[in-house]
Amino acid sequence: MMYENIDFNSIDLTQEPPVSEPERQYYFIAKCRQYVKEQEELAGHPLTAAVVTFGCQMNARDSEKLSGILEQVGYTLSDSEEADFVIYNTCTVRDNANQRVYGRLGFCNSMKRKNPHKKIALCGCMMQEQNVIDKLKKSYRFVDLIFGTHNIFKFAELLCRMFESSGMIIDIWKDSDQIVEDLPVERKYPFKSGINIMFGCNNFCTYCIVPYVRGRERSRKPESVIAEVKALVKNGYKEITLLGQNVNSYSYGFPELLRELDKIEGDFRIRFMSSHPKDASHELIDAILECKKVCKHLHLPVQAGSDRILKLMNRRYTTADYLKIIDYARSKDPEFSFTTDLIVGFPSETYEEFCETKELIKKVKYDNIYSFVYSRRSGTKAAEMEDHISDKQKGLWLRELLLEQREVSTAWLSRFVGRTVTVLPTGEGRTGADYLTGKSDEDMIVEVK
């Protein structure tokens, strides 16, 4: 990657910062190094920093970028919130996620009273909401730096502003068409990694806040993605997950990207998420089946089995449309692996409509489902809908759904008994100390002695 060839110590800080990116951020990384050294002398010890991540894989990937820059400017990374600098990378998919962050801030405030040199930053999706910013300015004045999802690439520049100011720095962009890569990154694992191929979402599902906080869709150029994957493979990475709110709407053609990545030499495999059914195509299924390095598995979130509920959700497909994709894949490979997301208890959903979701589980035969009770999210259209289902009722339906899935998957997964599968071990198993756990190409959890 370009930044790996940069000698930050040789950057002339007497000159004005460059206008173009990412060169501008290289300049501020070099400048930040001086500020961190000065702060270390005042503190009398090497400075530590912790990045606390809430939410999805996109947030986890953003946190790797933040960690990489923190390390480059001179911080020692820590897992403790007692670090000299703590940054909370926030999620706002559900209202209770916001409350968790406010709780953490109360804890940090007491620590900051004991250590006045401690710095606290907030970033991520939650910061894109104006009511959150208003609350932080009023009740959490001890926070040093606040920024959102669109200008995370400016982190080094914002760090400099934080060191140069005695007050709260707020830098929130409502939207952006900029994509700036080639910045330092500290990947969590040395054998697998997610990489962004696109950002934002244009779908506006009525239950989801993401398009409002992540902005409109914008895609990285294929050559940039291919170069990053090649670098990871060269460094020994075995699993690469392509990330986007809806990878199927990748501007330069997602099946074509999969085929290009499949040509890269090396022993590795490719996953991707998330995939929207309205944009899933026969070409995508063909690419998955024909590419040797692409996992033979598709996570295809259906959300509900009732067409009326799908329309209320603004999903823009019917169950018949969805099943066409399933049927096409199974016509090519009768054992093709599918997983999905399901929401139980959407506003005005009836028990009969809930039963349609159970029927869909039986028709598709998912390897696994990720199911959630509907959670009202202020700022979305669904939050304004009438006839919300009680928490008790949603809980009962969820339990019923999980029992149905257990029965279906127990029978369906038996197709793997006696078969050899490829597994990437990722940690210790639950069976015992002499076991490892990992996932197969089909996204099954497997324990290996």
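Everything numeric in this text was worked out from a predicted model, so none of it was measured.

Visitor: Can you walk me through the environment of Ser331 in this structure?
Guide: Relative to the helices and strands, Ser331 is located in helix α11 (residues 319–332). Along the primary structure Ser331 and Tyr207 are separated by 124 residues, whereas in three dimensions their C-alpha atoms are 33 Å apart.

Visitor: For this particular structure, what's the right way to read α11?
Guide: Because an α-helix packs 3.6 residues into every turn, residues spaced three or four apart end up facing the same way. Between its terminal C-alpha atoms α11 stretches 20 Å, which fits the 20 Å expected from 14 residues at 1.5 Å a residue. As for α11, its buried residues are in contact with α9 (282–290), α10 (307–312), β13 (337–344), α12 (351–364) and α13 (391–413).

Visitor: Please clarify how the sheet that holds strand β16 (residues 436–440) should be interpreted in this entry.
Guide: Strand pairing in a sheet takes place through backbone hydrogen bonds and is either antiparallel or parallel in direction. Strand order in this open sheet of 3 strands is β15-β16-β17, and the pairing throughout is antiparallel. Of all the strands in the sheet, the pair left with one neighbour each is β15 (423–428) and β17 (445–448). Strand-to-strand twist of the sheet, defined as the mean angle between neighbouring strand axes without regard to direction, takes the value 35 degrees. For β15 and β16, the ladder comprises 5 bridges, and the chain directions are antiparallel. Bridged to Pro425 within β16 is Gly438.

Visitor: Mind showing me how you'd approach the nonpolar core here?
Guide: Core analysis: the biggest nonpolar cluster contains 63 residues, and Leu242, Phe254 and Phe272 have the highest contact counts within it. Excluding residues that lie within four positions of it along the chain, Phe254 makes contacts with Ile197, Leu242, Val247, Asn248, Phe272 and Leu284. With 35 residues, the next largest nonpolar core counts Tyr26, Ala121, Phe163 and Leu183 among its residues.

Visitor: What should I look at first to understand the side chain of Arg187 in this one?
Guide: Within the secondary structure, Arg187 is located in the loop between β6 (169–171) and β7 (192–196). With relative accessibility at 15%, the residue Arg187 sits in the buried group. A polar contact is formed between the side chain of Arg187 and the side chain of Glu228, at a distance of 2.9 Å. Not counting the four nearest positions on each side in its chain, Arg187 is found in contact with Arg61, Glu64, Ser193, Gly194, Ile195, Glu228, Leu232 and Tyr237.

Visitor: Got a minute to help me understand the packing of helix α8 (residues 254–262) against α9 in this structure?
Guide: What describes two packed helices is the angle between their axes and the distance between those same axes. One can describe the packing of α8 onto α9 by two numbers: an axis separation of 9 Å at closest approach and a directional angle of 10 degrees. Between α8 and α9, the interaxial angle falls into the category roughly parallel. The hand of the α8/α9 crossing is left-handed. Judged by residue contacts, Phe254, Pro255, Leu258 and Arg259 of α8 engage Glu283, Leu284, Asp286, Ala287 and Glu290 from α9. Among the residues making up the contact of α8 with α9, the classes are represented as 5 nonpolar, no polar and 4 charged.

Visitor: What is the right way to read α8 from this model?
Guide: Taken together, the buried positions of α8 are occupied by Phe254, Pro255, Leu257, Leu258, Leu261 and Asp262. The arc that holds every buried residue of α8, seen down its axis, measures 160 degrees, which confines them to one face. Check the buried side of α8 and you find it contacts α7 (222–234), β10 (239–243), β11 (269–273) and α9.

Visitor: How should I be thinking about the environment of Cys123 in this particular structure?
Guide: Position of Cys123 relative to the elements: it lies in strand β4 (residues 119–124). Cys123 gets classed as buried once you look at its relative accessible area, which sits at 1%. Excluding anything up to four places from it in sequence, Cys123 contacts Leu66, Ile87, Tyr88, Asn89, Thr90 and Phe147.

Parameters and conventions
- Residues numbered from 1 in each chain as written.
- Predicted model: local features only at pLDDT ≥ 70, side-chain atom pairs only at ≥ 80, totals over all residues.
- Heavy atoms only, no water.
- Helix = DSSP H or I, 4+ residues; strand = E, 2+ residues; numbered from the N terminus.
- Expected span 1.5 Å × (residues − 1).
- Contact = heavy atoms within 4.5 Å.
- Pairing = 2+ DSSP bridges.
- Axes fitted to C-alpha atoms, helices over the stretch in contact; angles between N-to-C directions.
- Core = buried A, V, L, I, M, F, W, Y, C linked by side-chain atoms within 4.5 Å.
- Buried < 20%, exposed > 50% of the residue type's maximum accessible area, 1.4 Å probe, protein only.
- Polar contact = N/O pair within 3.5 Å; in protein donor to acceptor, adjacent residues only side chain to side chain.
- Parallel < 35°, antiparallel > 145°, perpendicular 65-115°, else oblique.
- Left-handed = near helix turned anticlockwise from the far one by under 90°.
- Nonpolar A, V, L, I, M, F, W, Y, C, P; charged D, E, K, R; others polar.
- Arc of directions from axis to C-beta.

Any functional reading would require information beyond the geometric quantities listed.
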